[in-house]
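Read off the chains here:
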Amino acid sequence: MKRFSVILLLALSLTLVACQPIEKSARDGIAGAKSLLDYYKLEFKCGTPDAGPKCPAVARGVAAKDFAIDVLLVYCAGPSFNSGGACEPSKSKDARAALATKLEAALKDMQRNINDLRGLRGGRR
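Cut-offs and rules
- Residues numbered from 1 in each chain as written.
- Predicted model: local features only at pLDDT ≥ 70, side-chain atom pairs only at ≥ 80, totals over all residues.
- Heavy atoms only, no water.
- Helix = DSSP H or I, 4+ residues; strand = E, 2+ residues; numbered from the N terminus.
- Buried < 20%, exposed > 50% of the residue type's maximum accessible area, 1.4 Å probe, protein only.
- Areas by Shrake-Rupley, 256 points an atom, 1.4 Å probe, with all protein chains shown as cover.
- Disulfide = S-S within 2.5 Å.
- Contact = heavy atoms within 4.5 Å.
- Expected span 1.5 Å × (residues − 1).
- Axes fitted to C-alpha atoms, helices over the stretch in contact; angles between N-to-C directions.
- Parallel < 35°, antiparallel > 145°, perpendicular 65-115°, else oblique.
- Left-handed = near helix turned anticlockwise from the far one by under 90°.
- Nonpolar A, V, L, I, M, F, W, Y, C, P; charged D, E, K, R; others polar.
- Salt bridge = Lys/Arg side-chain N within 4 Å of Asp/Glu carboxyl O.

Caption draft 1: Fine view of the overall build of the protein chain. When helices and strands are counted, the protein chain shows 5 helices and 0 strands. Reading the secondary structure of the protein chain in the N-to-C direction produces α-α-α-α-α. Classification of the 125 residues of the protein chain by burial places 34% in the buried group. As displayed, the protein chain offers around 7400 Å² of accessible surface, 61% of which is attributable to carbon and sulfur atoms.

Next up, the structure:
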């Protein structure tokens, strides 16, 4: 399981810097973060009477992931996307750049929260 987590975090980091559209990097990073956060929820028994003291950090990570999802939805919003189609970033170069900057910031915050959780575990995962 430890090896899986290292591979997952490496894949998350690589997808965030890969040469693909930001919406695909964001989607992949968010998916990796969700998997890791779900694992931490189970490990720390968050949401149960036996919840560990690290659960507030997990909650911050979940909030950062959810915010990244919200920003991604705004970035991709368009008639086709809103009805289940492909991501349609704004046709306006300025609007697209501004939203991409916000999306990158949300992804960095999500990654920072994941790294904080790793630090709470002593860097084991």
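Caption draft 2: Representation of the state of the cysteines within the structure. This structure, assessed with the given rule, holds 2 disulfides. Covalently, Cys46 is tied to Cys55 through a disulfide, its sulfur atoms 2.2 Å apart. Its S-S torsion of about -100° marks the bond between Cys46 and Cys55 as left-handed, since a negative value means left-handed. Under the relative-accessibility criterion, Cys55 is labelled buried at 13%. Between Cys76 and Cys87 runs a disulfide, and the two sulfur atoms are separated by 2.1 Å. Residues Cys76 and Cys87 are joined by a disulfide whose S-S torsion is about -90°; by sign, that bridge is left-handed. You can see Cys76 sitting in helix 3 (residues 55–76) and its partner Cys87 sitting in the loop between helix 4 (79–82) and helix 5 (93–120), a full 11 residues away along the chain. Note on Cys76: relative accessible area 3%, which makes it buried. Sequence-ordered numbering of the bonded cysteines in the protein chain yields a pairing of 1-2, 3-4.

Caption draft 3: Main features of the environment of Leu99. Within the element layout of this structure, Leu99 appears in helix 5. Separated by 24 residues in sequence, Leu99 and Tyr75 place their C-alpha atoms 5.7 Å apart. When near neighbours in sequence (up to four residues on either side) are disregarded, Leu99 contacts Val71, Val74 and Tyr75.

Caption draft 4: Molecular detail of helix 3. In this model, helix 3 (22 residues) spans 31 Å end to end at C-alpha, consistent with the 32 Å of a helix rising 1.5 Å per residue. Within the sequence span of helix 3, burial applies to Cys55, Ala57, Val58, Gly61, Val62, Ala64, Lys65, Ala68, Val71, Leu72, Tyr75 and Cys76.

Caption draft 5: Looking closely at the packing of helix 2 (residues 22–43) against helix 3. Relative to each other, helix 2 and helix 3 sit at 160°, their axes nearing to 10 Å. One finds that helix 2 runs roughly antiparallel with respect to helix 3. Judged by the twist between their axes, the crossing of helix 2 over helix 3 is left-handed. For the pair helix 2 and helix 3, the contacting residues are Ile22, Glu23, Ala26, Arg27, Ile30, Lys34, Leu37, Tyr40 and Lys41 in the first and Val58, Gly61, Val62, Lys65, Ala68, Ile69, Leu72, Tyr75 and Cys76 in the second. Grouping the amino acids of the contact of helix 2 with helix 3 by side-chain chemistry returns 12 nonpolar, 1 polar and 5 charged.

Caption draft 6: Representation of the pattern of salt bridges in the model. Within the structure shown, the criterion is met by 6 salt bridges. In this structure, Asp38 engages Lys34 in a salt bridge whose closest nitrogen and oxygen atoms are separated by 2.6 Å. Here the residue Asp38 and the residue Lys34 both occupy positions in helix 2, the gap between them amounting to 4 residues, near one helical turn. We classify Asp38 as partly exposed; its relative accessible area is 30%. Exposure remark for Lys34: the relative accessible area of 42% places this residue in the partly exposed category. A salt bridge links Asp116 to Arg112; its shortest N-O distance comes to 3.3 Å. A residue pair is termed a helical-turn pair when its members lie 3 or 4 positions apart in one helix, as Asp116 and Arg112 do in helix 5 at 4 residues. The class of Asp116 is partly exposed, set by a relative accessible area of 39%. One salt-bridge network, held together by shared partners, links Lys34, Asp38 and Lys41.

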